[in-house]
Amino acid sequence: MDLVVSRALTIPAAELTWRFSRSSGPGGQHVNTSDSRVQLSWDVAHADSLTEAQCERLTSRLDGRLVAGALTVTSSEQRSQLRNRETALAKLAEIVAAALAPDAAPRRPTRRTRGSDRRRLSAKGERSATKQQRRRPTDD
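If you're wondering where the values come from, they're calculated on a predicted model, not measured in any experiment.

All right, on to the overall build of the chain then. When helices and strands are counted, the chain shows three helices and six strands. Ordered by position from the N terminus, the helices and strands of the chain form the series β-β-β-β-α-β-β-α-α. Taking the principal axes of its C-alpha atoms as reference, the chain extends roughly 90 × 45 × 25 Å. Counting the 140 residues in the chain, one finds 26% classified as buried. Within the chain, residue pairs in contact and separated by at least 24 positions form 59% of the contacts whose partners lie at least 6 positions apart. For the chain, the exposed surface amounts to about 10,500 Å²; the carbon and sulfur share of it is 48%.

Below, the structure written as structure tokens:
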């Protein structure tokens, strides 16, 4: 079962590593007997499905999440291992797609309008007048 991240990237199932353990989540006594917690790992550094540019982009953007070049996602929200597998796959696809997304366009600086400048200055003048009226009168 390959993981389709985008049109440009599909992660083959052979590159994904699954680990299962007991979950501490909902399920009552069922929790003590089944391995419903899912840990999905993908070795980004040695992935054959990535181009060189994609690999560099992922390693730079996911630097804080990578441990020895591998991206790991954990899911234990559901009671069923199958649903946790689906959740983990969706999380991994979302993280990778967000990391591969192009940068947002830089903000183009704009000028203030003449009206906004006028409003700002009149508000400053009103505030100044209010504060001057609070002062103690001089002895002149």
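There's more to say after this.
Our focus in this paragraph is the pairing of strand β6 (residues 70–75). Taken together, the six bridges between strand β4 (residues 37–43) and β6 define a ladder with antiparallel strand orientation. Bridge assignment links Ser41 to a residue of β6, and that residue is Thr72. The turn linking strand β5 (residues 66–67) back onto β6 is made up of two residues, and Ala68 within it adopts a positive phi angle of 55°.

Our focus in this paragraph is the packing of helix α1 (residues 52–61) against helix α2 (residues 81–100). The interhelical angle for the contact between α1 and α2, taken along N-to-C directions, is 105°, at an axis separation of 9 Å. When the interaxial angle is binned, α1 and α2 end up roughly perpendicular. Counting all contacts with α1, which are made through Gln54, Arg57, Leu58 and Arg61, the residues of α2 involved are Val96, Ala98, Ala99 and Leu100.

What follows is about the nonpolar core. Grouped together as the largest cluster of nonpolar side chains are 25 residues, with contacts concentrated most on Trp42, Leu58, Leu92 and Val96. Contributing elements (two or more residues each) for this core: β4, α1, β6 and α2. If we skip the residues at most four places from it in the chain, Leu92 touches Leu3, Leu16, Leu40, Trp42, Leu71 and Val73.

It is worth spelling out α1 at this point. Within α1, burial applies to Gln54, Cys55 and Leu58. Mapping the buried residues of α1 onto a view down its axis gives an arc of 100°, with all of them on the same face. Seen from the open side of α1, the exposed residues pointing more than 90 degrees away from its buried face are Glu52, Ala53 and Ser60. Its buried side turned inward, α1 meets β4, β5 and α2.

Here we come to the pattern of salt bridges. For side chains of opposite charge, pairing can occur when their charged atoms come near one another. The tally for this structure, following the rule as stated, stands at four salt bridges. The residue Asp117 makes a salt bridge to Arg112 at a minimum N-O spacing of 2.8 Å. A salt bridge links Arg120 to Asp117, with the shortest nitrogen-to-oxygen separation between them at 3.9 Å. Here Asp117 and Arg120 lie together in helix α3 (residues 114–134), a separation of three residues that amounts to about one turn.

On to the sheet that holds β6. The sheet built from four strands is open, its strands ordered β3-β4-β6-β5 with antiparallel pairing. The two strands at the open ends of the sheet, each matched to only one other strand, are β3 (16–21) and β5. Where β5 lies against β6, two bridges are found, and the strand directions are antiparallel. Within β6, the residue paired with Leu66 across the bridge is Leu71.

Criteria and cut-off values
Residues numbered from 1 in each chain as written. Predicted model: local features only at pLDDT ≥ 70, side-chain atom pairs only at ≥ 80, totals over all residues. Heavy atoms only, no water. Helix = DSSP H or I, 4+ residues; strand = E, 2+ residues; numbered from the N terminus. Buried < 20%, exposed > 50% of the residue type's maximum accessible area, 1.4 Å probe, protein only. Contact = heavy atoms within 4.5 Å. Areas by Shrake-Rupley, 256 points an atom, 1.4 Å probe, with all protein chains shown as cover. Pairing = 2+ DSSP bridges. Axes fitted to C-alpha atoms, helices over the stretch in contact; angles between N-to-C directions. Parallel < 35°, antiparallel > 145°, perpendicular 65-115°, else oblique. Core = buried A, V, L, I, M, F, W, Y, C linked by side-chain atoms within 4.5 Å. Arc of directions from axis to C-beta. Salt bridge = Lys/Arg side-chain N within 4 Å of Asp/Glu carboxyl O.

Interpretation in functional terms is not warranted from these geometric data alone.
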